[in-house]
Structures are given as structure tokens and as C-alpha cells.
Amino acid sequence: MKLKEYEGYLQSVELRITQEKKALEKIQDAREAAQVADIQSSTVGSIEHWKKAVASWDTALSLHNDVSADSMAYAAAEHLKAIYYPQMLAVQDQLKQETLAQKFYEKTIALAEISVRFEQEQQWTSAVKNWQAALESVNQVAEDTSYYDQVVPLVSSYTAALANAQATLKRAMAVQQAQKQLIDQCQSIDENLCRSVTYEALAIEVSLEAQRDQTSENAISYPEASAAALNNPKASVEAIPHSGTSNMSELVRVIASIGRTMQVSITLNDSDGKSLGT
């Protein structure tokens, strides 16, 4: 073999050795990156945590992709890629789950705050709707995410809040219905009898016109009878005195009957706001 041919062959061998060394170094670097990724993937963490794990797996796979197909290490690189790739997909899925968990958690907190605001404004239909939405949202948070432990106590508290809002809505609807019935009855008995029929804090107040104050005093001139009708809805309506004040007596009987039927507190006031009975 001629010297030049030998030198050329030697350079070729040295180049191949260099390529194989680089390929082995890349595989070693990929193994190290995979070890880091594996540690990161074994614990539940935040979105940033899972992003780092995905990046580590991606680094490991990229290093294997850099191994030349004509190197002796190529087969080993392909074998490791087949192992690493499914693990990267699993971590990417976990990142998606964590991202969704954060979305549902933040949505849940926002809906709960809206529900509380509606309760403060006594808008119970909207409060019920938003508590229901908050519960639906909180139940979307996956167990294997960092947000799950934070939402577990919310489920019971939101369930209780929803039940309370539903019960209050039922009472509010009863109050509104009772108010409508009282307005109709006031108009039916005597359109000049009642000045207003209002409700607040799930209770109704019936206020008399000024010219009816004396009539009301005459109609409720017997303390025992007025107490029986207004303070005890189950009392017999015959306990109400009739002394030429039939309209007022009828109003008292109506208040007692509607309050008993609808289970609503109704207060009768004179024109100055002084309570005549509940």
C-alpha cells in the first residue's frame, strides 16, 4: 500500500472514530437528559414543572436524532428513542391536564365570587345558577394535578352554598307570590286601604294609608284578638273583632291566611311605619 493511500485510510479511520465518539457522547448526554426528565415526570407539579419535564424529554430525543444513521451507535439511539418518545407524550398530556386544571380552578373561584355577589344583591336565581356552574367547573379538575388538593374542600362548601341559595330562592319566590296576592287582595278589599306592599330580606310589610290609621286602631282594638290573628296564623279568623271595620278586619284575616299558607312573615304597619302586628 502506498504511503498516500495509507495516510488517507488512516484519516478515514480517525474520522470514523471521532464520529463514533461524538455519537456515543450524544447518547450519553441523551441518557442524562432522560434521567432528569424521568425524575421530573415522577412528581406532580405546576405547569412550569411539566414544561421543564417536556423540555428535558425533547432534549433527550433531539440528541438521539443527531446520531448519524451510519454510526455503530445508531441502533442504540433508535432503541432509546422508542422508549423515550411515549414518555414524552405522557408528560405532554400531563401538561395539558395541569393547564386545564388551572383553567377550571380559576373559573371556579371566579364563579364563586360572582355567586356571593349575587347573594349580597339578593338575586337568588342568578346565585343558584352560578353556584351550579362553580360545582360543575370544580369537578372538572383532575385528581393527578397540583390543583386537586385545593379544590377538594371547595366541593363540600360550594354544595352547601348551593343548597342554601336554592332554599333561599324558594323562600324568595314564596315572598314574591305572597306580595302579589296581598296587592291583589288590598285592591279587592279597598283600593284606598293599603299605601304599599313591599318586601325586603324575605319578609313583607303592608303599610296603610294615613286616613286608615284610626280605622286600623278600631279594627285591632282588642289586644287578645289582634295577637291571635297576626302573631298566630293558625288562630281562628273569628277571633278578629268586627266593630264596623269590616275592611280592616278582612285585611287582617287575609294577612294571617297568606302568611300561614306561604310560610312568610308579614308585618302590618300604620302610615308612620309603626308596627301593628306580625
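Each value, and the rule that gives it
- Numbering of residues starts from 1 in every chain and runs along the sequence as written.
- Restriction of local features to residues with pLDDT of at least 70 applies here, the model being predicted, together with a cutoff of 80 or more for giving and counting side-chain atom pairs; totals for whole chains, interfaces and linings are based on all residues.
- As a rule here, side-chain values cover all heavy atoms of the structure and leave hydrogens and water aside.
- In DSSP terms, a helix is any run of H or I states spanning at least four residues, a strand is any run of E spanning at least two, and both are numbered starting from the N terminus.
- Exposure classes here rest on a 1.4 Å probe applied to the protein chains alone. A residue is buried below 20% of its type maximum, exposed above 50%, and partly exposed in between.
- Note on contacts: a residue pair qualifies if any of its non-hydrogen atoms lie within 4.5 Å across the two residues.
- Accessible surface is estimated by sampling points in the Shrake-Rupley manner with a 1.4 Å probe; for residues, cover comes only from the protein chains shown.
- The salt bridge definition used is simple: a Lys or Arg side-chain nitrogen within 4 Å of an Asp or Glu carboxyl oxygen.
- For Phe, Tyr and Trp, rings pair up if their centres lie within 6.5 Å, where Trp contributes its six-membered ring, and each pair is then called stacked (planes under 30 degrees apart), edge-to-face (over 60) or tilted (otherwise).
- In this description, a nonpolar core means a group of buried Ala, Val, Leu, Ile, Met, Phe, Trp, Tyr and Cys residues linked to one another through side-chain atoms lying within 4.5 Å.
- A fitted line through C-alpha atoms serves as each axis, taken over the contacting stretch for helices, and the angle formed by two N-to-C directions is quoted from 0 to 180°.
- The cut-offs work like this: below 35 degrees is roughly parallel, past 145 is roughly antiparallel, 65 to 115 is roughly perpendicular, and the gaps in between are oblique.
- Crossing handedness follows the turn of the near helix against the far one: under a right angle anticlockwise gives a left-handed crossing, and clockwise gives a right-handed one.
- As a per-residue measure, pLDDT tells how confident the predictor is, with possible values from 0 to 100.
- Note on pairing: DSSP must find at least two bridges between two strands before they are called paired.
- Whenever a nitrogen or oxygen atom comes within 3.5 Å of another N or O atom, the pair is scored as a polar contact, on the condition that within protein one atom can donate a hydrogen and the other can accept it, and that pairs from neighbouring residues in sequence are kept only if both atoms are in side chains.

Enquirer: Teacher, can you tell me more about the overall build of the chain here?
Expert: Tallying secondary structure elements over the chain gives 8 helices and 4 strands in all. Going from N to C terminus, the chain has its helices and strands arranged as α-α-α-α-α-β-β-α-α-α-β-β. Sorting the 278 residues of the chain into buried and exposed places 40% on the buried side. Long-range pairs, those at least 24 residues apart, make up 60% of the contacts in the chain with a sequence separation of at least 6. Of the roughly 16,200 Å² that the chain leaves accessible, carbon and sulfur atoms contribute 51%.

Enquirer: Help me understand unusual backbone geometry, please; the structure alone is not making it clear to me.
Expert: Negative phi is the rule for most residues except glycine; trans is the rule for most peptide bonds. Positive phi outside glycine occurs at Gln-122, with the angle close to 60°. Structurally, the position occupied by Gln-122 is in the loop between helix H3 (74-120) and helix H4 (124-138).

Enquirer: Can you walk me through the pattern of salt bridges in this structure?
Expert: Between side chains of opposite charge, pairing is possible as soon as their charged atoms come close. For the structure on display, the rule yields 3 salt bridges. Taking the shortest distance from any N to any O, the salt bridge between Lys-51 and Glu-48 comes out at 3.7 Å. Taken together, the residues Lys-51 and Glu-48, both in helix H2 (residues 47-65) and 3 residues apart, mark about one turn of the helix. Salt-bridge contacts for Lys-81 lead to Glu-78; the nearest nitrogen and oxygen are separated by 3.2 Å. Taken as a pair, Lys-81 and Glu-78 lie in helix H3 at a separation of 3 residues, close to a single helical turn. With relative accessibility at 29%, the residue Glu-78 sits in the partly exposed group.

Enquirer: Teacher, can you tell me more about the packing of aromatic side chains here?
Expert: Per the counting criterion, the structure on display carries 3 aromatic pairs. Where Tyr-105 meets Tyr-147, the ring centres are 5.2 Å apart and the plane angle is 40°; that geometry is what we call tilted. Highlighted residues: Tyr-105 in helix H3 and Tyr-147 in the loop between H4 and helix H5 (148-189), separated in sequence by 42 residues. Take Tyr-147: its relative accessible area is 14%, and that puts it in the buried class. Relative to Tyr-158, the ring of Trp-131 lies with its centre 5.2 Å away and its plane at 55°, an arrangement referred to as tilted.

Enquirer: I would appreciate a short explanation of the nonpolar core in the present structure.
Expert: One recurring pattern in soluble globular proteins: nonpolar side chains tend to sit buried together. Core analysis: the biggest nonpolar cluster contains 23 residues, and Trp-124, Trp-131, Val-141, Val-151, Leu-154 and Tyr-158 have the highest contact counts within it. When contributions to this core are tallied by element, the ones reaching two or more residues are H3, H4 and H5. Counting residues per element, this core draws most heavily on H5, which supplies 8 residues. In terms of nonpolar packing, the next biggest core, distinct from the first, is built from 21 residues, Cys-186, Ile-204, Val-206 and Ile-255 among them.

Enquirer: Would you take a moment to explain the packing of H3 against H4 for this structure?
Expert: Where H3 contacts H4, the two axes come as close as 8 Å, and the packing angle between them is 165°. Classified by the interaxial angle, the pair formed by H3 and H4 is roughly antiparallel. The interaxial crossing formed by H3 with H4 has left-handed handedness. The segment H3 lies against H4, with Phe-104, Lys-107, Thr-108, Leu-111, Ala-112, Ile-114, Ser-115, Val-116, Phe-118 and Glu-119 engaging Trp-124, Ser-126, Ala-127, Asn-130, Trp-131, Ala-133, Ala-134, Ser-137 and Val-138.

Enquirer: What am I meant to see in the confidence of the model for the chain here?
Expert: Note that predicted coordinates carrying low pLDDT should not be read in detail. Looking at the chain, the pLDDT average stands at 78 and 79% of residues meet or exceed 70. In the model, residues 212-230 has pLDDT below 50 throughout and makes 40 contacts with residues more than four positions away in sequence or in other chains. Long-range and interchain partners of residues 233-244, a stretch whose pLDDT sits below 50, account for 20 contacts in this model, where long-range means more than four residues apart.

Enquirer: Explain the pairing of strand S3 (residues 265-269) to me, please; I cannot follow it from the model alone.
Expert: In the case of a regular strand, side chains alternate between the two sheet surfaces. The buried fraction of S3 amounts to 4 of the 5 residues, a majority that puts the element mostly inside the structure. As paired elements, strand S2 (residues 203-208) and S3 share 5 bridges and run parallel to each other. When the sheet's bridge partners are listed, Glu-205 is paired in S3 with Thr-267.

Enquirer: Where do I start with the side chain of Gln-94 in this structure?
Expert: Mapped onto the elements of the fold, Gln-94 is located in helix H3. Looking at Gln-94, its side chain comes within polar contact range of the main-chain oxygen of Asp-144, at 2.8 Å. Beyond its immediate chain neighbours, meaning those up to four positions away, Gln-94 contacts Trp-50, Asp-144 and Thr-145.

Enquirer: Hey, could you run me through the environment of Val-116 in this one?
Expert: For Val-116, the position within the fold is in helix H3. Classification of Val-116 as partly exposed rests on a relative accessible area of 34%. Along the backbone, Val-116 and Ala-161 are 45 residues apart, and their C-alpha atoms lie at a distance of 9.2 Å.

Enquirer: How should I be thinking about the packing of H2 against H3 in this particular structure?
Expert: The description of two helices packed together rests on the angle between their axes and the distance between the axes. The interhelical angle for the contact between H2 and H3, taken along N-to-C directions, is 160°, at an axis separation of 9 Å. By the angle between their axes, H2 is roughly antiparallel relative to H3. Between H2 and H3 the crossing geometry is left-handed.

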